[in-house]
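So the chains spell out like this:
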Amino acid sequence: MENELQEFLLKKNFKKIKLKLTKTNHFEIKANINGVKGLFILDTGASSSCVGLDDAKLFNLNVKDSDIKAAGAGATNMATQTASNNTIKIGKWKKNRTTLVLFDLIHVNTALTMHNAQPVNGIIGADILKKGKAIIDYNKKYLYLKPI
């Protein structure tokens, strides 16, 4: 009975991705953006997937200024940039033509490192989770994404 969800989702062609629970009670996930590996927080409450401004070159992002202001836990009215037409790969799941939001992640990474967790390159948000019809198995620590 324990593996019924997994068996059902794999039969429906969902891709299974291992999650790691951090000391801050966040799920970490490894992802590739434009072929470059990075570490991200999985955040169902974040409307957009994000990358830190400092990592724009690392992920080969073509950045443009944005009028949108970002807000997150502990920070508001943050300047943002966007980068369009990126490829994101999480496990065996892949999406092309992805737009990412860039902003300063210092408040996120400061909070993580204060709790002895690793700093991250960004956040995988609801935009990606919705596109992939995400299902999170919190007990087994797996994310399932359906190929597009």
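Scroll up for the structure.
Since this is a predicted model, take the numbers as computed values, not measurements.

## What about the pairing of strand 11 (residues 142-145)?
Now for step 1: In strand 11, alternate side chains face the same way, and those of Tyr142 and Tyr144 on one face and Leu143 and Leu145 on the other are all buried.
Now for step 2: In terms of strand pairing, strand 1 (residues 15-18) meets strand 11 through four bridges, oriented antiparallel. In the sheet register, Ile17 faces strand 11, and the bridge partner there is Leu143.
Now for step 3: By the bridge criterion, three bridges tie strand 10 (residues 135-137) to strand 11 in an arrangement that is antiparallel. Bridging across to strand 11, Asp137 finds its partner in Tyr142.
Now for step 4: Once strand 10 ends, the chain turns through four residues before running back antiparallel as strand 11, passing Lys141 with a positive phi of about 65°.

## Here's the deal with the sheet that holds strand 10
Now for step 1: What the three strands build is an open sheet, ordered 1-11-10; its pairing is antiparallel. Looking at the sheet topology across the chains shown, the edges are occupied by strand 1 and strand 10. Strand-to-strand twist in this sheet, taken as the mean axis angle between neighbours without regard to direction, amounts to 25°.

## Regarding the nonpolar core
Now for step 1: Ranked by size, the top nonpolar core spans 24 residues in total, and within it Ile90 and Ile124 carry the most contacts.
Now for step 2: Counting residues per element, the ones that place at least two in this core are strand 3 (27-33), strand 4 (36-42), strand 7 (75-90), strand 8 (93-103), helix 3 (126-131) and strand 11.
Now for step 3: The greatest single-element share of this core, amounting to four residues, is contributed by strand 3.
Now for step 4: One finds Ala46, Leu105, Val108 and Val120 within the second-largest nonpolar core, a separate group that totals 13 residues.

## Here's the deal with the environment of Leu21
Now for step 1: On the secondary structure map, Leu21 appears in strand 2 (residues 20-21).
Now for step 2: Taking the C-alpha atoms as reference points, Leu21 and Lys141, separated by 120 residues in sequence, lie 7.6 Å from one another.
Now for step 3: With near-sequence residues (within four places) excluded, Leu21 lies in contact with His26, Phe27 and Lys141.

## Regarding helix 2 (residues 106-114)
Now for step 1: Among the residues of helix 2, those classed as buried are Val108, Asn109 and Leu112. Buried residues in helix 2, looked at end-on, bunch into an arc of 90°, giving them a common side. Every exposed residue of helix 2 that faces more than 90 degrees away from the buried side is listed here: Ile106 and Met114.
Now for step 2: Of the residues one or two after helix 2, Asn116 is the one with positive phi, at around 60°.

## Describing the pattern of salt bridges
Now for step 1: Applying the stated criterion to the full structure yields one salt bridge.
Now for step 2: Between Lys20 and Glu28 there is a salt bridge, with its nearest N and O atoms 4.0 Å apart.
Now for step 3: Judged by its relative accessible area of 7%, Glu28 falls in the buried class.

## Remarks on the packing of aromatic side chains
Now for step 1: Within this structure, the stated rule accounts for three aromatic pairs.
Now for step 2: Judged by centre distance (5.7 Å) and plane angle (40°), the ring pair of Phe27 and Tyr138 falls under tilted. In this pair, Phe27 is assigned in strand 3 and Tyr138 in the loop between strand 10 and strand 11, connecting sequence segments 111 residues apart.
Now for step 3: With relative accessibility at 8%, the residue Phe27 sits in the buried group.
Now for step 4: Relative to Phe59, the ring of Phe40 has its centre 6.0 Å away and its plane inclined at 40°; by these criteria the two rings are tilted. Taken as a pair, Phe40 in strand 4 and Phe59 in the loop between strand 5 (50-52) and strand 6 (63-72) lie far apart in primary sequence, 19 residues in all.
Now for step 5: The ring centre of Tyr142 lies 4.3 Å from the NZ or CZ of Lys16, which sits over that ring.

About the thresholds
Residues numbered from 1 in each chain as written. Predicted model: local features only at pLDDT ≥ 70, side-chain atom pairs only at ≥ 80, totals over all residues. Heavy atoms only, no water. Buried < 20%, exposed > 50% of the residue type's maximum accessible area, 1.4 Å probe, protein only. Helix = DSSP H or I, 4+ residues; strand = E, 2+ residues; numbered from the N terminus. Pairing = 2+ DSSP bridges. Axes fitted to C-alpha atoms, helices over the stretch in contact; angles between N-to-C directions. Core = buried A, V, L, I, M, F, W, Y, C linked by side-chain atoms within 4.5 Å. Contact = heavy atoms within 4.5 Å. Arc of directions from axis to C-beta. Salt bridge = Lys/Arg side-chain N within 4 Å of Asp/Glu carboxyl O. Phe/Tyr/Trp six-rings, centres within 6.5 Å; stacked < 30°, edge-to-face > 60°. Lys NZ or Arg CZ within 6 Å of the ring centre and 35° of its normal.

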